[in-house]
Amino acid sequence: MLWSIFVYIAVYFGLFTGIFFLFTFFENMDGLKERKPKRFPKVSIIVPAYNEEDTLKGTVYSLLNLDYPKDKLEIVVVDDGSKDKTLEIARQFEKKGVMVFTKINQGGKGYALNFGLTKCSGEFVGCLDADSFVQTNALKKMIGYFDDERVMAVTPSIKVWKDNNILQKIQKVEYLMGVFLRKSFSYLDSIHVTPGPFTIYRKKFFDNYGGYDSGNLTEDIEVALRIQRQGFRIENCMDANVYTVGPRTLKTLQRQRNRWYVGFLENVVNYRDLFGLKHGNLGLLILPGAFISVALSITLFSYTIIRGIFNSIDWFFNLSSVGFDFYPFLARNSLDNTLIDFNPLRLLAVFSLFLGLAMVLISKKYSKEDCKVGFSYFVYIIVYWLLFAFWWIVAINIKLFKRKIAW
Amino acid sequence: MEGKKINKLKIFSIFITTTFIFSVGIFFGNVITNSQLDRISNLQQDLRTQTLSLELQYALASQEPCNLTNLDIIGDELYDMSELLANMEGSLGKLNPDVLSLKEYYSLLEIKHWLFLEKVSKECNADIPIILYFYSNLGDCEKCERQGYILTYLKRSEENLNVFSFDANIDNSVLNGLKEINKVEEGELPVLIINGKVHEGFTELEEIKENL
């Protein structure tokens, strides 16, 4: 009984947040209009690279192909002490005007970015991870948002480059969902992550409030929260697309999520003053909502796993009591019943699935993405919430027991 | 653009919208579930008609009263009905009054068919294996689920077997009488009555087979 009440509360929360974000999105459709830049200011893009010999070439080419005045675009590759041919590959681009620097690896992307900042001369500065690629029109679309002087950063839509396996298919849908949510967050002035791939910043923010927090696990969350704390704005350009390579194996995905989630926890603790009335939607709805959704997911996950274990034990002992002869159970029921167990909870869960699908389809439409998501969404629905809860359990465990995280 | 400030009117509107959708979901979910209850009720009516027609066939067949062919079918359908009822218990709860009412009626149908089989067995000198199974699903009978599993296995493997399962918690005068005769209230659940012999507590597959 208590469990049923909890599940109903979780479903209500899911429905409420889904409707809230859809409502927010459609209420602010004007925000999707193209912001044509009044001028083309100089922009510097830092490419921090550590052992990226396989993807660096594609990343730099995508920057060179940007539809933006060439004399207003500065590309700075920072080789972060790579052990492979990253530096050698980067040097090949020097004749195309790309600035290449190398430094000793200090164990975090923030160090490379701060190093890059000292070499940049643009009025605006961005970063593009060396495993990401940017669409040719992205910068032009984004720069117009800076006409508002309060805007300190503009985020693009980040998508998964190729979905060759189940994990990447799940990530593809996850990122598409993120595209929708980030736009909705921007309408609420609540963006709390300015992702590594191609977020553009007003450089004077770094000049006035310091560079990246070098040792931070998620320097992109730290900068975003710092911008929010200072009362500035972060915008999102939904149809400026950046593609990144999603981890291919569970192990690398787990490592990435450990860093993201532990980093999120640490930064939110450091910026806990953002909670509360003063920061409006961010402080009262978005950040607390994130924690509530994590708590609900972990509880549902734990219950499902524990129940699954007990059911499996029962199933094992039941089968053992009939000598593991399961054949008779495959026989059809004589009543030929087509009884579908459609209790209210399942009906509401189906409705929630459609809300989620609506978000993904909206992302596809307004970020001008033509990939197919049908099968991927199906896999995502079944697997993602389990992974999400598991990653959080691991992250909380790491934080509680003060375990070290590899970069 | 809303900016940082919370739009209380918007939150309130979304609260109303969510509550409306939530209520509609619960309403339609219940409508669908109740329609399933109606379906079970109709199936029970069909079974009642079948049992009645079987008895009339028996009474009318003066030449060959023991040559009835529907005995097994009704027994199978009665047993499978218990699975449908278990599904409804999962959806609506074990203490739902509609489910309890259907289960009570189901128990009466079972008793009726069991008595008829006993009569046929005696008068026709036929070997009809019968198991009466008393269980509880209120958490006070640890081994009942496994006992039910074994009986389903037996029912599905042996065509002639008749298993009648009774929820010992149902309060019905006829069922209470049956429990009293077999001293089910005093014994440890699950209780099996295999061809008239009472077995208290969990009974292994082999033991059941030996007594059939």
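Structure: above.
Just so it is clear, the structure is predicted and the values come from calculations on it, not from any experiment.

**Q** Can you help me understand the overall build of chain A in this one?
**A** Within chain A, the secondary structure is distributed over 12 helices and eight strands. For chain A, whose C-alpha radius of gyration is 24 Å, the value lies close to the compact-globule estimate of 22 Å for 407 residues. Once the C-alpha set of chain A is aligned to its principal axes, its extents read approximately 80 × 45 × 40 Å. Expressed as a percentage of its 407 residues, the buried residues of chain A come to 53%. For chain A, the share of sequence-separated contacts (at least 6 apart) that also reach a separation of at least 24 residues comes to 81%. Looking at chain A as shown, the accessible area adds up to about 18700 Å², and 61% of this sits on carbon and sulfur atoms.

**Q** Help me out: how do you make sense of the overall build of chain B in this one?
**A** Assigned secondary structure in chain B consists of six helices and four strands. Put simply, chain B runs from its N terminus to its C terminus through helices and strands in the order α-α-α-β-α-β-α-β-β-α. A globule of 212 residues ought to have a C-alpha radius of gyration of about 17 Å, yet chain B, at 23 Å, is considerably larger. Dimensions along the principal axes, computed over C-alpha positions, put chain B at roughly 90 × 40 × 35 Å. Per-residue burial over chain B gives 46% buried out of 212 residues. The contacts of chain B with a sequence gap of at least 6 include a subset with a gap of at least 24, amounting to 72%. A total accessible area of about 11000 Å² is found for chain B, and carbon and sulfur atoms account for 52% of it. Charge-centre separation for chain B: the mean point of 19 positive side chains lies 11 Å from the mean point of 33 negative side chains.

**Q** What exactly am I supposed to notice about the packing of helix α3 (residues 97-123) of chain B against helix α5 (residues 173-181) of chain B here?
**A** Each packed pair of helices is defined by two parameters, the angle between the axes and the distance between the axes. Residue and element names in this part refer to chain B. Interaxial distance between α3 and α5 falls to 9 Å at its minimum, and their mutual angle equals 55°. One finds that α3 runs oblique with respect to α5. Of the two elements, α3 crosses α5, and the hand of that crossing is left-handed. On α5, the residues that touch S107, L108, I111 and W114 of α3 are V174, L175 and L178. Looking at the contact of α3 with α5 residue by residue, the class counts come to six nonpolar, one polar and no charged.

**Q** I keep staring at the sheet that holds strand β4 (residues 124-127) of chain A and nothing clicks. Help me out?
**A** Hydrogen bonds along the backbone pair up the strands of a sheet, which may run parallel or antiparallel. Residues and elements named next belong to chain A. Strand order in the open sheet formed by eight strands is β3-β2-β1-β4-β7-β6-β8-β5, with mixed pairing between adjacent strands. This sheet does not close on itself; its edge strands, each paired only once, are β3 (99-102) and β5 (132-134). Recorded for the sheet is a direction-independent mean angle of 30° between the axes of neighbouring strands. Relative to β4, strand β1 (residues 43-49) runs parallel, the two being bridged by four bridges. What sits directly across from I45, in β4, is G126. Contacts from helix α6 (residues 166-187) reach β6 (151-160) and β8 (233-244), with the element oriented near 155° to β6.

**Q** Just checking my understanding: could you explain α5 of chain B for this structure?
**A** Residue and element names in this part refer to chain B. By the burial criterion, the buried members of α5 are L175, L178 and K179. Buried residues of α5, seen end-on, are gathered within an arc of 100° and therefore sit on one face of the element. Facing away from the buried side of α5 by over 90 degrees, the exposed positions are S173, E180 and I181. Backbone nitrogen of V174 and a side-chain oxygen of the N-cap are separated by 2.9 Å at the start of α5; the cap is N172. Where α5 terminates, the next one or two residues include K183, which has phi positive at roughly 55°.

**Q** Looking at this structure, how should I read empty space enclosed by the protein?
**A** Rolled over the atoms, a probe sized like a water molecule indicates the empty space that remains. With the rule as written, the count across this model stands at two cavities of 30 Å³ or more. Roughly 40 Å³ of internal volume is contained in the second largest cavity. A per-class count over the lining of the second largest cavity returns five nonpolar, two polar and two charged.

**Q** Even after reading the chapter, I still don't get the pattern of salt bridges, so can you show me in this structure?
**A** Pairs can form between side chains of opposite charge whenever their charged atoms are close. Residues and elements named next belong to chain A. Inspection of the entire model under this criterion finds 25 salt bridges over all chains. With its nearest N and O atoms 2.9 Å apart, the salt bridge here joins D129 to K109. Here K109 lies in helix α4 (residues 109-119) and D129 lies in the loop between β4 and β5, a separation of 20 residues in the sequence. In this structure, E369 engages K159 in a salt bridge whose closest nitrogen and oxygen atoms are separated by 2.9 Å. With a gap of 210 residues between them, E369 in the loop between α11 (344-366) and α12 (374-400) and K159 in strand β6 connect regions that are remote in the sequence. Taken individually, E369 and K159 each receive the classification buried, so the pair is uniform in this respect.

**Q** Can you help me understand the interface of chain A and chain B in this one?
**A** Note: interface size is frequently given as the accessible area lost on complex formation between the parts. Counting residues at the interface gives 51 residues for chain A, matched by 45 residues for chain B. Between chain A and chain B, roughly 4400 Å² of surface is buried when both sides are summed, and carbon and sulfur atoms account for 64% of that area. Between the two partners, chain A and chain B, sit one salt bridge. In this structure, E27 of chain A and K10 of chain B form a salt bridge, with 3.5 Å as the shortest nitrogen-oxygen distance. Among the elements of the structure, α1 (2-27), α6, β8, α10 (280-321) and α11 of chain A are those that each provide at least two residues to the side of chain A that touches chain B. Per-element accounting of the side of chain A that touches chain B gives the leading share, 10 residues, to α1 of chain A. Its residues placed into classes, the side of chain A that touches chain B shows 27 nonpolar, 15 polar and nine charged.

**Q** How should the sheet that holds strand β1 (residues 130-135) of chain B be read in this particular structure?
**A** All names here are of chain B. Read across the open sheet, the four strands follow the order β2-β1-β3-β4; overall the sheet is mixed. Looking at the sheet topology across the chains shown, the edges are occupied by β2 (162-167) and β4 (197-200). Sheet twist, expressed as the mean angle between neighbouring strand axes with direction ignored, is 20°. Strands β1, β2 and β3 (191-194) of the sheet are contacted by helix α4 (residues 144-157), whose axis makes an angle of about 160° with β1.

**Q** Looking at this model, I keep getting lost on α3 of chain B. Mind explaining?
**A** Since one α-helical turn is 3.6 residues long, residues separated by three or four positions face the same way. When the terminal C-alpha atoms of α3 of chain B are compared, their 39 Å separation across 27 residues agrees well with the 39 Å that a helix rising 1.5 Å per residue should span. A positive phi of about 55° marks N125 of chain B, the residue just after α3 of chain B.

**Q** Sorry if this is basic, but what is going on with the state of the cysteines here?
**A** Disulfide: a covalent bond connecting the sulfur atoms of a pair of cysteines. Under the criterion given, the structure shown has one disulfide over all chains. The residue that forms a disulfide with C141 of chain B is C144 of chain B, at a sulfur-sulfur distance of 1.8 Å. Across the S-S bond linking C141 of chain B and C144 of chain B, the dihedral sits near 90°, which makes this disulfide right-handed. You'll find C141 of chain B and C144 of chain B in the same group, each marked buried. Between C120 of chain A, a free cysteine, and C127 of chain A, which holds the nearest cysteine sulfur, the sulfur-to-sulfur gap is 10 Å.

**Q** Mind showing me how you'd approach the nonpolar core here?
**A** Generally speaking, a soluble globular protein has its nonpolar side chains buried in company with each other. Residues and elements named next belong to chain A. Core analysis: the biggest nonpolar cluster contains 79 residues, and Y201, F206, Y212, I227 and W392 have the highest contact counts within it. Sort the elements by how many residues they give to this core and α12 lands first, with 11 residues. Once you skip the residues sitting within four places of it in the chain, Y212 turns out to touch G110, L113, N114, L117, C127, Y201, F206, E219, V223 and R226. Listed in part, the 35 residues of the second largest apolar core include L64, V77, A130 and F146.

About the cut-offs
Residues numbered from 1 in each chain as written. Chains lettered and ligands numbered in written order. Predicted model: local features only at pLDDT ≥ 70, side-chain atom pairs only at ≥ 80, totals over all residues. Heavy atoms only, no water. Helix = DSSP H or I, 4+ residues; strand = E, 2+ residues; numbered from the N terminus. Rg over C-alpha atoms; globule rule 2.2 N^0.38 Å. Buried < 20%, exposed > 50% of the residue type's maximum accessible area, 1.4 Å probe, protein only. Contact = heavy atoms within 4.5 Å. Areas by Shrake-Rupley, 256 points an atom, 1.4 Å probe, with all protein chains shown as cover. Lys, Arg positive; Asp, Glu negative; His and termini not counted. Charge placed at Lys NZ, Arg CZ, Asp CG, Glu CD. Axes fitted to C-alpha atoms, helices over the stretch in contact; angles between N-to-C directions. Parallel < 35°, antiparallel > 145°, perpendicular 65-115°, else oblique. Left-handed = near helix turned anticlockwise from the far one by under 90°. Nonpolar A, V, L, I, M, F, W, Y, C, P; charged D, E, K, R; others polar. Pairing = 2+ DSSP bridges. Arc of directions from axis to C-beta. Polar contact = N/O pair within 3.5 Å; in protein donor to acceptor, adjacent residues only side chain to side chain. 1 Å grid on protein atoms, 1.4 Å probe; cavity = no way out; pocket = protein on both sides within 12 Å on 5 of 7 lines; lining within 4 Å. Points joined across faces, edges and corners; volume = space filled by probe spheres on them. Salt bridge = Lys/Arg side-chain N within 4 Å of Asp/Glu carboxyl O. Buried area = accessible area lost by both parts, 1.4 Å probe. Expected span 1.5 Å × (residues − 1). Disulfide = S-S within 2.5 Å. Core = buried A, V, L, I, M, F, W, Y, C linked by side-chain atoms within 4.5 Å.

Scope: geometric values only; no functional claims are made or implied.
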